[in-house]
Amino acid sequence: MYQFGECYLVYNVNVCILLDMLKRILWIFKDTLIHIKGHFMSQEEKLPKILIVEDDERLARLTQEYLIRNGLEVGVEPDGNRAIRRIIAEQPDMVVLDVMLPGADGLTICREVRPHYHQPILMLTARTEDMDQVLGLEMGADDYVAKPVQPRVLLARIRALLRRTDKTPEDEVAQRIESDDLVIDNGGRSVTLNGELVDFTSAEYDLLWLLASNAGRILSREDIFERLRGIEYDGQDRSIDVRISRIRPKIGDDPENPKRIKTVRSKGYLFVKETNGL
């Protein structure tokens, strides 16, 4: 009897291992089919490609299926170290990045890929971890959502970020704003200071252009959220403040005594076009 029970236990363990292996094979096979489908689609039909970096297999699979049903091409990567290599090599249109991962964590991934990857990064953070949100933005993330997140909310954020980077030739009007030694070229989405090109993330550039193109006008956080993210400001989100703190030194502004981007207490931010004499 004991021998029979021992064999039954070994049989159960082997079946569980086999089922787990089959699930992983099917997941990889499904991801491969998506890549093959995308390869044979014409340029006009090609769907935006999203890479989800998430080690929770069930959550990643459900999210992948939901986004595919809503017209996106979606790959999944559960390992942080492999994610770094894939993001740089594949250059997806957007990355949805969890913070807690095996191998490199989300913050490390963000820092490592940013010099080589300039598309949007949407970070998934724990609802109570404000520090993760701030650090993510400082590492170069474009936006974040707190987990758990409703699929339709995640889809809306993804589409909003894709709209910001999906500019048609008609949209890319060659506009330039010059402010002393600072030049912002909206046609090339580039910023130069004293003739030197300055590196900006997509989200930082969008915020700078919004402020500069409204020079002399105070923009409230509500205005900025509505125009850049398409959502209402909840009164607590610090992402705009974090980005302003990153932009100021990049455009030669003294964080302690800013001349170009001024904080107007209880009202918002003001871009001053001409700083000579201030």
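Please read all numbers here as calculations on a predicted model, not as lab measurements.

K.L.:
Any chance you could explain the sheet that holds strand 4 (residues 121–126) here in plain terms?
P.N.:
Hydrogen bonding along the main chain pairs the strands of a sheet, whether they run parallel or antiparallel. Pairing in this open sheet of five strands is parallel, and the strands run 2-1-3-4-5 from one edge to the other. Looking at which strands have only one partner, the edges of the open sheet turn out to be strand 2 (73–77) and strand 5 (143–147). Strand-to-strand, the axes of this sheet are offset by a mean angle of 20°, without reference to chain direction. Here strand 3 (residues 94–98) runs beside strand 4; their pairing, made up of four bridges, is parallel. Bridging across to strand 4, Val95 finds its partner in Ile121.

K.L.:
Whenever I open this one, the packing of aromatic side chains confuses me. Can you help?
P.N.:
Aromatic ring pairs: the centre-centre distance and the angle between the two ring planes describe each pair. Counted by the stated rule, this structure contains zero aromatic pairs. The ring of Phe200 has Lys250 sitting right over it, with the charged end atom 5.1 Å from the ring centre.

K.L.:
Quick question: what am I supposed to make of the pattern of salt bridges here?
P.N.:
Scanning the model with the defined rule gives 16 salt bridges in all. Note that Glu77 is salt-bridged to Arg82, the shortest N-O span being 3.1 Å. The class of Arg82 is partly exposed, set by a relative accessible area of 39%. If you follow the salt bridges from partner to partner, you end up with Lys49, Glu77, Arg82, Arg86 and Glu90 in one network.

K.L.:
Can you walk me through the pairing of strand 7 (residues 182–185) in this structure?
P.N.:
Relative to strand 7, strand 6 (residues 176–179) is paired through four bridges, and the arrangement is antiparallel. Residue pairing across strands places Glu178 opposite Val183, the latter belonging to strand 7. Turn length for the strand 7-strand 8 (residues 190–193) hairpin, with the two strands adjacent in sequence and antiparallel, is four residues, and the turn residue Arg189 shows positive phi of about 50°.

K.L.:
Just to check I follow, could you spell out the environment of Ala203 for this structure?
P.N.:
Relative to the helices and strands, Ala203 is located in helix 7 (residues 202–212). Distance from Ala203 to Arg164, taken between C-alpha atoms, is 8.7 Å for residues 39 residues apart in sequence. Residues contacting Ala203, with those up to four places away along its chain left out, are Asp142, Arg164 and Arg243.

K.L.:
Can you walk me through the nonpolar core in this structure?
P.N.:
The biggest cluster of nonpolar side chains holds 25 residues, and the ones touching the most others in it are Ile184, Phe200, Leu207, Leu208, Leu211, Ile224 and Ile261. Secondary structure elements with two or more residues in this core: strand 7, strand 8, helix 7, helix 8 (221–229), helix 9 (239–250) and strand 12 (268–271). Filtering out sequence-adjacent residues up to four positions away, Ile261 remains in contact with Leu208, Leu211, Ile244, Ile247, Arg248, Ile251, Asp253, Tyr269, Leu270 and Phe271. Core analysis: the second largest hydrophobic core is formed by 22 residues, Leu51, Val53, Leu107 and Met123 among them.

K.L.:
Looking at this structure, how should I read the packing of helix 8 against helix 9?
P.N.:
Helix packing for two helices is described by the angle between their axes and how far apart those axes are. Closest axis-to-axis distance for the helix 8/helix 9 pair is 11 Å, and the angle between their directions is 90°. What the angle tells us is that helix 8 and helix 9 run roughly perpendicular. Residue-level inspection shows Arg221, Ile224, Phe225 and Arg229 of helix 8 in contact with helix 9, the latter providing Ser239, Ile240 and Asp241.

K.L.:
Where do I start with helix 2 (residues 57–69) in this structure?
P.N.:
Every α-helix winds through 3.6 residues per turn, so residues three or four apart in the chain are directed the same way. Taking 1.5 Å per residue as the helical rise, helix 2 with its 13 residues ought to reach 18 Å, and the 18 Å between its terminal C-alpha atoms agrees with that figure. For helix 2, the complete set of buried residues consists of Glu57, Ala60, Thr63, Gln64 and Leu67. For helix 2, the angular spread of buried residues about the axis comes to 135°, placing them on one side. Along helix 2, the residues that are exposed and aim more than 90 degrees away from the buried face are Arg58 and Arg69. Sitting at the head of helix 2, Asp56 places a side-chain oxygen 3.3 Å from the backbone nitrogen of Arg58.

K.L.:
How do you make sense of the environment of Lys147 when you look at a structure like this?
P.N.:
Here Lys147 lies in strand 5. C-alpha of Lys147 to C-alpha of Leu124: the two residues are 23 residues apart in sequence and 6.2 Å apart in space. Within the structure, the side chain of Lys147 is placed 3.4 Å from the side chain of Glu54, a separation counted as a polar contact. Engagement of the side chain of Lys147 in a polar contact is seen with the side chain of Asp98, the distance being 3.3 Å.

K.L.:
Before we go on, may I ask you to explain the pairing of strand 6 in this structure?
P.N.:
If a strand is regular, its side chains alternate between the two faces of the sheet. Residues Ile177 and Ser179 point to one face of strand 6 and are all buried, whereas Arg176 and Glu178, pointing to the other face, are not buried. Connecting the antiparallel pair strand 6 and strand 7 is a turn made up of two residues, with Asp180 showing a positive phi of about 55°.

The rules behind these values
Residues numbered from 1 in each chain as written. Predicted model: local features only at pLDDT ≥ 70, side-chain atom pairs only at ≥ 80, totals over all residues. Heavy atoms only, no water. Pairing = 2+ DSSP bridges. Helix = DSSP H or I, 4+ residues; strand = E, 2+ residues; numbered from the N terminus. Axes fitted to C-alpha atoms, helices over the stretch in contact; angles between N-to-C directions. Phe/Tyr/Trp six-rings, centres within 6.5 Å; stacked < 30°, edge-to-face > 60°. Lys NZ or Arg CZ within 6 Å of the ring centre and 35° of its normal. Salt bridge = Lys/Arg side-chain N within 4 Å of Asp/Glu carboxyl O. Buried < 20%, exposed > 50% of the residue type's maximum accessible area, 1.4 Å probe, protein only. Contact = heavy atoms within 4.5 Å. Core = buried A, V, L, I, M, F, W, Y, C linked by side-chain atoms within 4.5 Å. Parallel < 35°, antiparallel > 145°, perpendicular 65-115°, else oblique. Expected span 1.5 Å × (residues − 1). Arc of directions from axis to C-beta. Polar contact = N/O pair within 3.5 Å; in protein donor to acceptor, adjacent residues only side chain to side chain.

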